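The chain contents come next:
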Amino acid sequence: MREYLKYLFQLILSPGHGWEDIDKGSGNPAAVAARGFYPLIAIASLSVWMQGFYHPHIPFLALFMRMIVTFVVYFISYFFGTFMLSVFVEPMLDDRYDEVRCQTFTLYSLGLLAVISIIANCLPVSSALLFFLPMFAALVQWKGHLYMHVRPDKVGLFMILAILGVLAPPYIFYFLFSILF
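This structure is a prediction, so every number in the text was calculated from the model and none was measured.

**As for the overall build of the protein chain**
Within the protein chain one finds 8 helices and 0 strands. Expected size for 181 residues packed as a compact globule is a radius of gyration near 16 Å; at 16 Å, the protein chain falls within 12% of this value. With respect to the principal axes defined by its C-alpha atoms, the protein chain has extents near 55 × 30 × 30 Å. Partitioning the intrachain contacts of the protein chain with sequence separation of at least 6 by distance along the chain shows that 76% fall at a separation of at least 24. Counting every atom, the protein chain has about 9600 Å² of accessible surface; 72% of that belongs to carbon and sulfur. Charge separation in the protein chain, taken as the distance between the mean sites of 10 positive and 10 negative side-chain charges, equals 7 Å.

**A short note on the pattern of salt bridges**
For the structure on display, the rule yields 3 salt bridges. Measuring nitrogen to oxygen at the nearest pair gives 3.4 Å for the salt bridge that ties aspartate 153 to arginine 151. Its relative accessible area of 59% is what places aspartate 153 among the exposed residues. By sharing partners, the salt bridges in this structure join Asp23, Asp98 and Arg101 into a single network.

**A few points about the packing of helix α2 (residues 15-25) against helix α6 (residues 99-122)**
Between α2 and α6, the least distance of the axes is 12 Å, while the angle of their chain directions is 135°. Here α2 lies oblique to α6, going by the angle between them. The two elements α2 and α6 cross, and the hand of that crossing is right-handed. Where α2 approaches α6, its residues Trp19, Ile22 and Asp23 are matched on the opposing element by Arg101, Thr104, Phe105 and Tyr108. Grouping the amino acids of the contact of α2 with α6 by side-chain chemistry returns 4 nonpolar, 1 polar and 2 charged.

**Here we look at the environment of phenylalanine 9**
Here phenylalanine 9 shows up in helix α1 (residues 2-13). Phenylalanine 9 sits in the partly exposed class, given a relative accessible area of 46%. Sequence separation of phenylalanine 9 and glutamine 103 is 94 residues, and the distance between their C-alpha atoms is 19 Å.

**Let's talk about the environment of tyrosine 147**
Its location among the elements puts tyrosine 147 in the loop between α7 (128-143) and α8 (155-180). Relative accessible area serves as the criterion here: at 6%, tyrosine 147 is assigned to the buried category. In this structure, the C-alpha to C-alpha distance between tyrosine 147 and alanine 42, residues 105 residues apart in sequence, is 27 Å.

**Here we look at the side chain of threonine 106**
Here threonine 106 shows up in helix α6. Residue threonine 106 is classed as buried on the basis of its relative accessible area, which comes to 0%. A polar atom in the side chain of threonine 106 sits 2.8 Å from the backbone oxygen of cysteine 102. Threonine 106 has contacts with Ser77, Tyr78, Gly81, Thr82, Leu85 and Val166, leaving out every residue within four places of it along the chain.

**Side note on the packing of aromatic side chains**
In this structure the tally under the stated criterion is 15 aromatic pairs. Relative to phenylalanine 60, the ring of tryptophan 49 lies with its centre 5.2 Å away and its plane at 35°, an arrangement referred to as tilted. With tryptophan 49 in the loop between α3 (29-46) and α4 (50-54) and phenylalanine 60 in helix α5 (residues 60-88), this pair connects stretches of sequence that are 11 residues apart. Chaining the aromatic ring pairs together yields one cluster made of Tyr4, Tyr7, Trp19, Phe105, Tyr108, Tyr147 and Phe158.

**A look at a nonpolar patch on the surface**
Judged by side-chain polarity, Phe60, Leu61, Phe64 and Ile68 come together as a nonpolar surface patch covering roughly 410 Å² of accessible area. For phenylalanine 60, a relative accessible area of 58% puts it in the exposed group.

Criteria and thresholds
Residues numbered from 1 in each chain as written. Predicted model: local features only at pLDDT ≥ 70, side-chain atom pairs only at ≥ 80, totals over all residues. Heavy atoms only, no water. Helix = DSSP H or I, 4+ residues; strand = E, 2+ residues; numbered from the N terminus. Rg over C-alpha atoms; globule rule 2.2 N^0.38 Å. Contact = heavy atoms within 4.5 Å. Areas by Shrake-Rupley, 256 points an atom, 1.4 Å probe, with all protein chains shown as cover. Lys, Arg positive; Asp, Glu negative; His and termini not counted. Charge placed at Lys NZ, Arg CZ, Asp CG, Glu CD. Salt bridge = Lys/Arg side-chain N within 4 Å of Asp/Glu carboxyl O. Buried < 20%, exposed > 50% of the residue type's maximum accessible area, 1.4 Å probe, protein only. Axes fitted to C-alpha atoms, helices over the stretch in contact; angles between N-to-C directions. Parallel < 35°, antiparallel > 145°, perpendicular 65-115°, else oblique. Left-handed = near helix turned anticlockwise from the far one by under 90°. Nonpolar A, V, L, I, M, F, W, Y, C, P; charged D, E, K, R; others polar. Polar contact = N/O pair within 3.5 Å; in protein donor to acceptor, adjacent residues only side chain to side chain. Phe/Tyr/Trp six-rings, centres within 6.5 Å; stacked < 30°, edge-to-face > 60°. Patch = residues over 30% accessible without salt bridge, like charges linked within 9 Å, V, L, I, M, F, W, Y side chains within 5 Å.

Printed below as a string of structure tokens:
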């Protein structure tokens, strides 16, 4: 998990150089997911309990359901985001389609959202700044177009796909689960 967090913080500090480092040192996406992404989303889901300290009126069962939903939302979003990229990104690339790059791109993009979720859960009040942090994740994705080998004339279309296919699904799935529960 330490290596995954190291690359996440490199993306936060310098997105362009972070993607270069991921390109050089990134391994098997299944190992990255098992050793980094899944533990991070488990921590994000456990951070929901912090809301119980700040808002004691929230019932235990509601916090428990939010914890489960948070983990499931990120878990499903990883597979959904990878699927969306694998279906639609190939015509935008200079090179041939690379499944490893698509999975890695999705893992780190969703990892940024999980870090944002941890921050939001640990703060006692919702700040207006937290609503703009997903835009920073979109900026990191934009810098990742070089990592993905997107053709220069297709960067805008790629960003629409990356935002709608990778960044938006956790929020959409969370909204859908909140309607159900």
